[in-house]
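So you can see what is in the structure, the chains are spelled out below.
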Amino acid sequence: MQPSQRPLNFGVDLRLRSKLQFDAVYAGGRRLDDRFFALRVKANGLAHPRVGLAVAVKTAGNAVKRNRLRRLVRESFRLAQGELPAVDIVVAAKFAAAGAPATSLRDSLATLWKRVASTCASS
RNA sequence: GGAGUCGGCCGGACGGUCGCUGCGUUUCUCACGAAAUGUGGAGGAAAGUCCGGGCUCCUGUGGACAAGGUGCCAGGUAACGCCUGGGCGGCGUGAGCCGACGGAAAGUGCAACAGAAAGCAAACCGCCGAAGCGUCAGAAAUGGCGCUGGCAAGGGUGAAAGGGUGCGGUAAGAGCGCACCGCGGACGUGGCAACACGGACGGCACGGCAAACCCCACCUGGAGCAAGGCCAAAUAGGAAAGUCGCCACGCAAGUGGCAGCGUGAGUCCCGCGUGCUUUCGGGUAGGCCGCUCGAGGUCGCCGGUGACGGCGAUCCCAGAGGAAUGAUCGUCCUCGACAGAACCCGGCUUACAGGCCGACUCCACCU
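Going along each chain's sequence as written, the residues are numbered from 1 onward. As they are written, the chains are lettered A onward and the ligands numbered 1 onward, keeping that order. Restriction of local features to residues with pLDDT of at least 70 applies here, the model being predicted, together with a cutoff of 80 or more for giving and counting side-chain atom pairs; totals for whole chains, interfaces and linings are based on all residues. For the side-chain quantities, the full set of heavy atoms in the structure was used; hydrogens and water were omitted.

Engineer: It is not clear to me how the pattern of salt bridges should be interpreted in this structure. Could you clarify?
Structural biologist: Note that side chains of opposite charge can pair when their charged atoms are close. Salt bridges are identified by distance alone: a Lys or Arg side-chain nitrogen within 4 Å of an Asp or Glu carboxyl oxygen. Tallied over the entire structure, the rule returns three salt bridges. Aspartate 88 is paired through a salt bridge with arginine 50; the nearest N and O atoms lie 2.9 Å apart. With aspartate 88 in strand β4 (residues 87-93) and arginine 50 in strand β3 (residues 50-54), the pair connects residues that are 38 residues apart, well separated along the chain. Grouping residues by exposure puts aspartate 88 and arginine 50 together as buried. Comment: elements are numbered from the N terminus, with helices defined as DSSP H or I runs of at least four residues and strands as E runs of at least two. Residue exposure (1.4 Å probe, protein chains only): buried if accessible area is under 20% of the type maximum, exposed if over 50%, otherwise partly exposed.

Engineer: Would you mind going over the protein's contact with RNA strand B with me for this structure?
Structural biologist: One heavy atom within 4 Å of a molecule or strand is enough for the residue carrying it to be called near that molecule or strand. Residues in contact with RNA strand B amount to 21 residues; listed here are only the nearest, Leu16, Phe22, Asn67, Arg70 and Arg106. Any pair of N or O atoms that falls within 3.5 Å is considered a polar contact. Within protein, one atom must be able to donate a hydrogen and the other to accept it, and sequence-neighbouring residues count only if both atoms are side-chain atoms. Contacts to RNA strand B include alanine 63, whose backbone N or O atom sits 3.3 Å from a phosphate oxygen. Contacts to RNA strand B include valine 64, whose backbone N or O atom sits 3.5 Å from a phosphate oxygen. For the surface near RNA strand B, the elements supplying multiple residues, two or more each, are α1 (19-28) and α3 (63-80). All amino acids are sorted into three groups, where Ala, Val, Leu, Ile, Met, Phe, Trp, Tyr, Cys and Pro are nonpolar, Asp, Glu, Lys and Arg are charged, and the leftover types, Gly among them, are polar. Along the lines of polarity and charge, the residues of the surface near RNA strand B split into eight nonpolar, three polar and 10 charged.

Engineer: Sorry if this is basic, but what is going on with the confidence of the model for chain A here?
Structural biologist: Should the pLDDT be low somewhere, the predicted coordinates at that spot are not to be read in detail. Confidence per residue, as judged by the predictor, is encoded in pLDDT with a range of 0 to 100. Confidence in the prediction of chain A, expressed as mean pLDDT, is 80, and 88% of residues score 70 or more. Residue contacts are counted whenever heavy atoms from the two residues lie within 4.5 Å of one another. Counting interchain partners and residues more than four positions distant, the pLDDT-below-50 stretch residues 1-6 has six contacts. Taken over the whole predicted complex, pTM reads 0.72, whereas the ipTM for its chain interfaces reads 0.83.

Engineer: Even after reading the chapter, I still don't get the nonpolar core, so can you show me in this structure?
Structural biologist: For soluble globular proteins, the rule of thumb is that nonpolar side chains tend to be buried together. Counting residues in each nonpolar core, the largest one holds 28 residues, and the members touching the most others are Phe37, Leu39, Ile89, Val91 and Trp113. Mapped by element, the contributors of at least two residues to this core are β2 (37-43), β3, α3, β4 and α4 (102-122). Sequence-distant contacts of valine 91, defined by excluding residues within four places in its chain, comprise Phe37, Ala38, Leu39, Val51, Gly52, Leu53, Ala54, Val73 and Trp113. Residues belong to a common nonpolar core when they are buried Ala, Val, Leu, Ile, Met, Phe, Trp, Tyr or Cys residues joined through side-chain atoms within 4.5 Å.

Engineer: Help me understand the pairing of β4 in this model?
Structural biologist: The side chains of a regular strand alternate between the sheet's two faces. Burial within β4 is extensive, with seven of its seven residues counted as buried. Burial along β4 is two-sided: Val87, Ile89, Val91 and Ala93 facing one way and Asp88, Val90 and Ala92 facing the other are all buried. With seven bridges joining them, β2 and β4 adopt antiparallel strand pairing. Each bridged residue has a counterpart across the sheet, and for leucine 39 the counterpart in β4 is valine 91. In this analysis, strands are considered paired if DSSP registers two or more bridges between them. As defined by bridge partners, β3 adjoins β4 across five bridges and the pair is classed as parallel. The partner of alanine 54 across the bridge, within β4, is alanine 92.

So this is what it looks like as structure tokens:
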């Protein structure tokens, strides 16, 4: 694990904020998914990665569970951002994520971040 | 101590580290902003969106009708379908709980099945044989049978059969008479009222359903913060102004050609006649406001049975926007339920691990 250049912040510039940005990722993004999450990844041409979340109340069960999932994903991204290339990532939760324990969700995300790093480095 | 009723409250705690976000202060920056630091950051239901209001825009001179809602009385409130107090009815040994609880004497309608009959009285089984007629017996009185009839006590059907019980009465019966109960009820008394109490008199009628239509009284304009307002790129289109190539012919209007553009290395054919610049208004993306100081919280005093109201002091207590309020470590306990603000309030309803406080009731026991 190499030391990060940036502090592990999660400011406004690290999030996808508009429909335009989301659409761009959906249009040109590469797919990566596992049991709990489906990712869309696309190079953004910036100096850092950005993330956007797509978790519906319907998927999570209710609003509280939805918030819990979103926070978990964001925290995982925040801690892993130093290892990620400059890409935009949209993380969509699957139904299986709704009832899963937090530790397995975190493991799943950590693996996905590594896959993102390796695929984008090779291409 | 056990069982229970009602009301109120809480909804893991503390500390460290890493993050997100509103506001204040300081520093830096031409500025956008950035950093540091301090401080605030989900709920009792934030939920369902079922009522009531504020706010905003649209519409309307008022009113009537329609449609919808509410429905014992009085009060509280900005308002309510909410709350408080009272009345009536029902349930419970009780504390208490439950109730769409106006009108059936304005009209229309409904009641399956059963039953003779379901709203106007009717008679299946039954009871009677006093009265009238016939007939039989008898000398007659009288008696038997039948018919015309009388009756609604008993049986039976039904959710409901037109007061109940008893005595008298009668051919048998019947409020036919009487007593008590029930019902209606002029009027009187108490109460703001709902209503309660008494009750001359009536002899019993006026059955039920209005969560059937309906009648009566009262209430209600529509849409919603994606309301609504402001600023405002790029592109296309609109308006105005300026400019609008060169040559030939013509006084001029104009005509023709070249250049130009579509169009590409060039040529031919075809099409276009404007193009450019500036400004203006509408307006999209985007941004800002609305956006949190409010029918506000806490405490005290006063008025009121109470809901609540008045006065005074004091506090500022989320404001996001692909949507913050989290993650992690440690310690402790009773090992943590339902659940996430989205313009704001007042209610109702629904979900919920566990716990605390107060008042009261019943049972048992002790003194």
